[in-house]
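If you want the building blocks of each chain, they are given just below.
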Amino acid sequence: MPDPTARPNARSPDSAADRLRRVRQRIEAACLAAGRPADAARLLAVSKTVPVETLADTLAAGQTDFGESYLQEALPKIVALAGRGAHWHFIGPIQSNKTRDIAAHFDWVHGVDRLRIAERLSSQRPAERGLLQVCVQVNISGEDSKSGCTPDEAPALCAAIARLPGLSLRGLMAIPAPVADAAQAHLPYRRLQALFATIKSTLGAAAGAFDTVSAGMSDDLEAAIAEGSTLVRVGTALFGARPAAHP
Ligand SMILES: *Cc1c(COP(=O)(O)O)cnc(C)c1O
């Protein structure tokens, strides 16, 4: 008998549509439990290490937004699935020498944490691709090792990015430090939401479509949604565990 509480596994016989339905139901339940509309948070399918065939099935099942962290892995997938309506989000750390390819091939970038990177993406975005959608990554837990600007730096960075051509500043992104118990999972997301609200009101009209809080992953999406996330980045719960080399 299948164990309904078991995590989906890459080798499980479940169809892409089954997996997608389960994750979407989980997201909707979390939205409703938080007193928000069922569609308040949308799903970004994190497809790093996932083979392109599985992505094709997931796309055919109705999921259009995919997140990739490694440029060299992502580019062939983007090429293979071109013309099928997928939207590609770059969610990994961004090195300067990668900005040209990211600007040319992606629709969204979630990990912008310094102006230099935003300026490169702005000048390298091909005009025919329209605006590149950008989230500023905030190191919300104050970890030494993590990417992301500090919460103090975020307002000025957002204001500067909002002025750059070729980019549309959409919101904030964070990857909080792991916490020991579920109750503590809320605090960083609450801080992120407060920072988002402050920046949105400070930017005013200059904010444009500043509407995205990219927060929450397989293990903590309920906490993130309870605190206002509008986009959860889910890999493991949708595609199964990744090889250990790709945490
Ligand atoms: C890998 C990754 C995720 C997905 O994590 P899961 O725990 O597998 O859902 C989300 N966000 C970022 C930035 C990632 O690198």
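Residues numbered from 1 in each chain as written. Predicted model: local features only at pLDDT ≥ 70, side-chain atom pairs only at ≥ 80, totals over all residues. Heavy atoms only, no water.

**Points about the side chain of Q124**
- Within the secondary structure, Q124 sits in helix 5 (residues 115-124).
- Polar contacts involving the side chain of Q124 include one to the side chain of T99, which spans 2.7 Å.
- For Q124, the contacting residues outside a window of four places in its chain are T99, R100 and A103. (Helix = DSSP H or I, 4+ residues; strand = E, 2+ residues; numbered from the N terminus. Polar contact = N/O pair within 3.5 Å; in protein donor to acceptor, adjacent residues only side chain to side chain. Contact = heavy atoms within 4.5 Å.)

**A few points about the nonpolar core**
- Among the nonpolar cores identified, the biggest contains 65 residues, and I27, L121, V136, V138, I161 and L172 are the most heavily contacted of them.
- It is helix 7 (residues 186-203) that contributes the most residues to this core, 6 residues altogether.
- Once you skip the residues sitting within four places of it in the chain, L121 turns out to touch T99, I102, A103, V109, V112, L132 and L167. (Core = buried A, V, L, I, M, F, W, Y, C linked by side-chain atoms within 4.5 Å. Buried < 20%, exposed > 50% of the residue type's maximum accessible area, 1.4 Å probe, protein only.)

**Some thoughts on the environment of A177**
- Turning to its location among the elements, A177 is positioned in the loop between strand 6 (167-173) and helix 7.
- Counting along the chain gives 84 residues from A177 to P93, while the straight-line C-alpha distance between them is 16 Å.

**Considerations on the site of the ligand**
- Not every one of the 13 residues close to the ligand is listed here, only the nearest: K48, S218, G235, T236 and R242.
- Taking K48, its side chain carries an N or O atom lying 2.6 Å from an oxygen atom of the ligand.
- Separating an oxygen atom of the ligand from a side-chain N or O atom of R242 is a distance of 2.8 Å.
- When isolated, the ligand has an accessible area of 390 Å², and the protein chains bury 89% of it.
- Grouping the amino acids of the shell around the ligand by side-chain chemistry returns 6 nonpolar, 4 polar and 3 charged. (Near = heavy atom within 4 Å. Areas by Shrake-Rupley, 256 points an atom, 1.4 Å probe, with all protein chains shown as cover. Nonpolar A, V, L, I, M, F, W, Y, C, P; charged D, E, K, R; others polar.)

**Digging into the confidence of the model for the protein chain**
- Model confidence for the protein chain is summarised by a mean pLDDT of 93, while 93% of its residues fall at 70 or above.
- Across residues 1-11, where pLDDT falls below 50, the model places 14 contacts with residues more than four positions away in sequence or in other chains. (pLDDT = per-residue confidence, 0-100.)

**Here's the deal with the pairing of strand 1 (residues 42-46)**
- In terms of residue burial, strand 1 counts as a mostly covered element, since 4 of its 5 residues are buried.
- Sheet topology places strand 1 next to strand 8 (residues 231-234); 4 bridges connect them, and they run parallel. Paired with A45 across the two strands is V234, which belongs to strand 8.
- Two strands pair when backbone bridges link them, and strand 1 and strand 2 (residues 65-68) are joined in this way by 2 bridges, in the parallel orientation. Across the sheet, residue V46 finds its bridge partner in strand 2, namely G67.
- Traced from strand 1 through helix 2 (residues 52-60) to strand 2, the parallel crossover comes out right-handed. (Pairing = 2+ DSSP bridges. Right-handed = clockwise from strand over helix to strand, strands pointing away.)

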